[in-house]
Amino acid sequence: MAFAPLPAAARTAFRMQDHTVERLAAVGADVPAFVGAYVSGFRPSTKIWGYEDGVIWSGLLALYDATGDRAFLKVVLEHMQTRVAADGRLPHFQPVPHNIDMIRAGSILLPLFRETGEVRYRKAMDTQFAPLRFHPRTRSGSYWHKGRYPWQVWLDGLYMGQPFQLDYARVTGEAALFADTLQQIRTVEKVMRQPGTGLYYHGWDESRQQRWAQPDTGLSPNIWGRGMGWWLCALVDCYEASEGFDPQGRAEIGRITRAALEAMLAVRSRDGLWYQVVDQGGRDGNYEEASASLMASYALLKAARLGVADTRAAGMESLAACVGRFLGPDALNGICRVAGLGGTPYRDGSYEYYLSEKVVANDPKGVGPLFMSLGEALRLEVG
């Protein structure tokens, strides 16, 4: 898929510093060209405050943190001109019906507040968090994935909601929010972790009403690569955001993170990548998928930087494998466009279902994790 750049009059020219280009080129020869082309052409949604834009913004801020190159920060700030009002309103935020995906973009608000000192970003955190106080929960206390997916927990949702919840806890001092996040992580480990492998099923229906739910457990039937990727990203981001809260609880997040990373490494392909159905690499039709591989690389690298696990080498190897396999100067290929459970048409969570979804290029769910991984790699000093 080629880029559709913004009209020249509608954007500020994006140009990285020469030193940034040199550092990115150390990861892969095509990396600087891809980053420059994608960022120059990126157009966030004009209708919703969504998670896909959110992962791109998070990736840009990660690159800014790693390089100090204000070109990345400038892009995000330009986008926020129409997305965060002076009084903290989020004009594109749609909290009803309840949808945990719509929380993810809020994770950029605390970094922007700290960087700029602009009060609107702090006020916007109140706007973003308010719906979570009334978000429906399972009987076990976890956020429903969406209002239209009642009683369900998906691994995706932990990444969408929990890192922002901990950011909000940090600025408000509400220790109860940390305890709540820890409990929701514990519930996922208790219920959704596959005995033996330590991998996690994509979804859980506490009510056991969905056709995709196994009658005895409520679990979906397979382990989706990007589902595991979202979970790993949630864990490392929550660990980082939990600094200053209960040390024992934070250590437990670290333990769960290490175990999940070990389980993921056990099913890594010979090429250092991860499959669409992550634990069935040798099965007919399965393929190495870019977004899952990049999310795993990000988590491995960030866990190493934070001192959670000795995974620097594995993270660097897998990032290099992703760049070598999927990246060209104008395309990041090999990304599963979307996958879910239930809905219309009905998604049954079968092996065949996951393989039926389209594979595309330049989808934000792959590009955002690429940028995030690059940021972590540069912070660990590539080269």
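Structure's up top.
Quick caveat, the model's predicted, so the values are computed rather than measured. (Residues numbered from 1 in each chain as written. Predicted model: local features only at pLDDT ≥ 70, side-chain atom pairs only at ≥ 80, totals over all residues. Heavy atoms only, no water.)

Draft legend 1. Spotlight on the packing of aromatic side chains. Considering all chains together, one arrives at 16 aromatic pairs under this definition. Relative to Phe371, the ring of Tyr38 lies with its centre 6.0 Å away and its plane at 85°, an arrangement referred to as edge-to-face. Of this pair, Tyr38 sits in helix H2 (residues 31-41) while Phe371 sits in helix H14 (residues 364-379), placing them 333 residues apart in sequence. Judged on exposure class, the residue Tyr38 and its partner Phe371 are both buried. Pairwise contacts between aromatic rings join Phe34, Tyr38, Phe42 and Phe371 into one cluster. The ring centre of Trp151 lies 4.9 Å from the NZ or CZ of Arg139, which sits over that ring. In this arrangement the basic side chain of Arg211 is found over the ring face of Tyr346, its NZ or CZ atom lying 3.7 Å from the centre. (Phe/Tyr/Trp six-rings, centres within 6.5 Å; stacked < 30°, edge-to-face > 60°. Helix = DSSP H or I, 4+ residues; strand = E, 2+ residues; numbered from the N terminus. Buried < 20%, exposed > 50% of the residue type's maximum accessible area, 1.4 Å probe, protein only. Lys NZ or Arg CZ within 6 Å of the ring centre and 35° of its normal.)

Draft legend 2. View of the nonpolar core. The biggest cluster of nonpolar side chains holds 128 residues, and the ones touching the most others in it are Trp49, Trp231, Phe371 and Leu374. Per element, the largest residue contribution to this core is eleven residues, and it comes from helix H9 (residues 225-241). If near-sequence neighbours (up to four positions away) are discounted, Leu374 is found in contact with Leu24, Val27, Val31, Val35, Leu63 and Leu319. (Core = buried A, V, L, I, M, F, W, Y, C linked by side-chain atoms within 4.5 Å. Contact = heavy atoms within 4.5 Å.)

Draft legend 3. Region of interest: helix H8 (residues 175-192). The end-to-end C-alpha separation of H8 is 26 Å, in line with the 26 Å expected for 18 residues at 1.5 Å each. Those residues of H8 that sit buried are Leu177, Phe178, Asp180, Thr181, Leu182, Gln184, Ile185, Thr187, Val188, Glu189 and Met192. Considering only its buried residues, H8 is in contact with helix H6 (119-129), strand E1 (152-154), helix H7 (155-172), strand E2 (203-205), H9 and helix H10 (247-266). (Expected span 1.5 Å × (residues − 1).)

Draft legend 4. Structural detail: the pattern of salt bridges. According to the stated counting rule, one finds 24 salt bridges in the structure shown. Here Asp237 and Lys302 are joined by a salt bridge, their closest N and O atoms 2.8 Å apart. Placement of Asp237 in helix H9 and of Lys302 in helix H11 (residues 290-306) is noted, with a sequence separation of 65 residues between them. What makes Lys302 buried here is its relative accessible area of 5%. Between Arg283 and Glu352 there is a salt bridge, with its nearest N and O atoms 3.6 Å apart. Taken together, the residues span a long stretch of sequence, with Arg283 in the loop between H10 and H11 and Glu352 in helix H13 (residues 351-356) at a distance of 69 residues. (Salt bridge = Lys/Arg side-chain N within 4 Å of Asp/Glu carboxyl O.)

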